Amino acid sequence: MSSNELKKDIKRAAKKVLPDPAIRKIRAYRKTRKGSEPKPNTYRSSQTYTVVTAVYNVEAYLDDFFTSLYNQTMFKESIRVIAVDDGSTDLSAEIIKRWQDRWPGAITYLKKENGGQASARNLGMNHTESEWVTFIDPDDFVSKRYFEEVDRAIVAWPSVQMVSCRLVYFFEKGRRYSDTHPLNNNYKHGDKFYSALDEHIPMQFSMSTAFFKMSVIKDRGLKISEDIKPNFEDGHFVGRYLLELTAGVVGFLSKPRYYYRKRESGTSTIDGSWRDTNKLISVPRYGYLDLLQYSKRVRGFYPVNIQKTILYDLSYYLGWFVNRPQRSRFAEEAGVQEEFLDLLREIFACIDTKVLFDFPGRFLRFAHKAAISQFFMTREPPYQIAYVTSIDLPKKLIHIRTCSKKIAFYLDGKVLTPIRSKRVGNSFFGVNLYDTYELSFKFERQNQVLSYVGKKRESARLTVDGKQFENSLSVREAIRRYTRNWSAYEQKGSTWIIMDRDTQADDNGEHFYRYMMRNHPEQRCLFALRKESPDWKRLAQEGFNLLNFGSKAHELELRKCSMIISSHADNFVHSYFQDNFFKSKNLYSCSTVSLFTTYLHG
């Protein structure tokens, strides 16, 4: 056997025994070892690029920002920076001037009264002389070949009109990178180019991660709206820019990486925007509705990508506010609830039913699509979806959740009546947006067929562990799907794994663990947290039985534990092994202290 064949055998054997997270770490390490470290100032570009950045009290981040630009592989004379100081009160101006001394002729400093990011960027655009401009935020940074890779794409595709780059999260706490942005599927299969007139161009929200042609901006008289606050001015500008294109292509590049900083303090504009009434009035009126109306004037219809852009952004409103009346109370106090709901009705009147229901479920769940259709559009959904929430094998019960009473269920062709049913209202800004129904059905044998159909004979689908079955499936198939992989997670003993985030504690998970440690020491509890977390030492000193998140010990305990309790419902909690392992456990959220007694008394 040759040495290459032996290496391949060893790799195959390792894949069989090592957990998936370990395999991913090995692959990531290999990528860092491939090739030499990029050398600054070694690539001669085809032209000059300008970075317009709006600066406001970011003294802590400016050195990272400028360093990432200064160390680009592209020749330094090919990059220009226009830093617009939007009335900073910290040392941002001094830091910029220091960088002007270090990088002579490259950095233009402009000072203005505080007026917001849009006004600062508009001022910067007025001073831009290059053909290509981008808008990197001053608290973010980019990969070393960022401009080189963009330039190579522009040279290879002479008709390109806009370029989009991949966004990677950088978490300040723990200094961790995460390539998990919901729209990164756009870059999954390498570089992609689309006709500028293709209404199915992938969604692009960020001006920061994109490059634009100043000739298009000037010819069309495009400006960034200063009326849209606290966010979506980017999505609005990108949408109008694309609508104005009459030829050419748009590129999505997978290699250049834009590192978006998630601040430890949570003080970014986006992080604090949900408590701003402008989010409910300014963004819908001057952002979403204006963009739809603009597209109608320019194109004569509402392009699919514009509709999807609006749906994607509005999906966050539903996720944030549905069934959380405490979060929308500020709107009631400000008297803007009705105005917000009326704006949504105007917006959804422009959305096509097919676009709505074809929109990916990972962005907008079916219950919310059906609610939009019925409550705002006054249209019935074209189909129905129900979900198997659990299967109780000893009691022969299938528990199903629907968002409509208009689904009929049958077992072997006979009408199936639930032995238990419960209606749950779902509130949204003081109205009941939709109802969900929790139903329990009894079956006798696995070789029975469960079927379902809308009461107006429309199609119905049943989702079991992420897979949809249209019209019918056998009870055996439902059980097989629901319990797949369970043999790998056999419960051994009674261990509770408690956690907050993998990188930080100091949330309800920590408080609940402390309660258990003091009041129920007989219950074996472990607190999962990354060892590099700043909270690790503090909790260890307090006596917490800590489990290093991501370690082999953590994975072993996950497989055999009886209960997982977390203040967060993120994938790193319930989909650690990227399968349905959590369904073989008792999984609870400790989002409120009142739930503690539920855990203990059932």
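A short tour of the structure in this document, coming up.

Quick notes on the rules
Residues numbered from 1 in each chain as written. Predicted model: local features only at pLDDT ≥ 70, side-chain atom pairs only at ≥ 80, totals over all residues. Heavy atoms only, no water. Core = buried A, V, L, I, M, F, W, Y, C linked by side-chain atoms within 4.5 Å. Buried < 20%, exposed > 50% of the residue type's maximum accessible area, 1.4 Å probe, protein only. Helix = DSSP H or I, 4+ residues; strand = E, 2+ residues; numbered from the N terminus. Contact = heavy atoms within 4.5 Å. Salt bridge = Lys/Arg side-chain N within 4 Å of Asp/Glu carboxyl O. Pairing = 2+ DSSP bridges. Phe/Tyr/Trp six-rings, centres within 6.5 Å; stacked < 30°, edge-to-face > 60°. Axes fitted to C-alpha atoms, helices over the stretch in contact; angles between N-to-C directions. Parallel < 35°, antiparallel > 145°, perpendicular 65-115°, else oblique. Left-handed = near helix turned anticlockwise from the far one by under 90°.

Counting 85 residues, the largest nonpolar core has Phe212, Ile217, Leu280, Tyr317, Phe340, Phe348 and Phe428 as its most contacted members. Considering every element that reaches this core, the biggest residue donor is helix α11 (residues 304-321), with nine residues. The residues contacting phenylalanine 212, other than those within four sequence positions of it, are Glu131, Trp132, Val133, Phe135, Gln161, Met162, Met207, Ile217, Phe237, Val238 and Tyr241. Residues Val58, Leu62, Ile136 and Phe147 belong to the second largest nonpolar core, which totals 40 residues.

Close approach of charged atoms lets side chains of opposite charge pair. Within this structure, the stated rule accounts for 30 salt bridges. For arginine 98, the salt bridge is made with aspartate 63, and the minimal N-O distance between the two is 3.5 Å. Here arginine 98, found in helix α4 (residues 92-102), pairs with aspartate 63, found in helix α3 (residues 62-70); they are 35 residues apart in sequence, far enough to count as distant. One salt-bridge network, in which partners are shared between bridges, spans Lys173, Glu510, Arg514, Asp535, Arg538 and Glu542.

As a further point, take the pairing of strand β17 (residues 449-454). The element β17 is largely enclosed, with a buried count of five among its six residues. As paired elements, β17 and strand β20 (residues 472-474) share three bridges and run antiparallel to each other. Among the inter-strand pairings, serine 451 is bridged to a residue of β20, identified as serine 472.

This part is about the pairing of strand β18 (residues 460-464). Along β18, four of the five residues are buried, which leaves the element largely enclosed by surrounding structure. Where strand β11 (residues 384-392) lies against β18, four bridges are found, and the strand directions are parallel. Looking at β18, one finds that isoleucine 385 is bridged to arginine 461. Pairing of β18 with strand β19 (residues 467-470) involves four bridges; the strand directions are antiparallel. Counted as the bridge partner of valine 464 is lysine 467 from β19. Hairpin connection of β18 to β19: two residues between the antiparallel strands, including aspartate 465 at a positive phi of 50°.

Moving on to the packing of aromatic side chains. This model, assessed by the stated rule, comprises 49 aromatic pairs. Measuring from centroid to centroid gives 5.0 Å for phenylalanine 205 and tyrosine 312, while their planes differ by 40°, and the two rings are tilted. Linking phenylalanine 205 in the loop between β8 (192-195) and β9 (210-213) with tyrosine 312 in helix α11, this pair joins segments that are 107 residues apart in sequence. An identical accessibility class is assigned to phenylalanine 205 and tyrosine 312; each is buried. Between the aromatic rings of phenylalanine 212 and tyrosine 241, the centroid separation amounts to 5.0 Å while the plane-to-plane angle is 75°, which identifies the pairing as edge-to-face. Placement of the pair is phenylalanine 212 in strand β9 and tyrosine 241 in helix α8 (residues 233-244), with a sequence separation of 29 residues. Like tyrosine 241, phenylalanine 212 is buried.

For the pair α11 and helix α13 (residues 337-348), interaxial distance at closest approach is 12 Å and the crossing angle is 150°. By the angle between their axes, α11 is roughly antiparallel relative to α13. Here the hand of the crossing between α11 and α13 comes out left-handed. For the pair α11 and α13, contact is made by Ile310, Leu311, Leu314 and Tyr317 and by Phe340, Leu344, Ile347 and Phe348, respectively.

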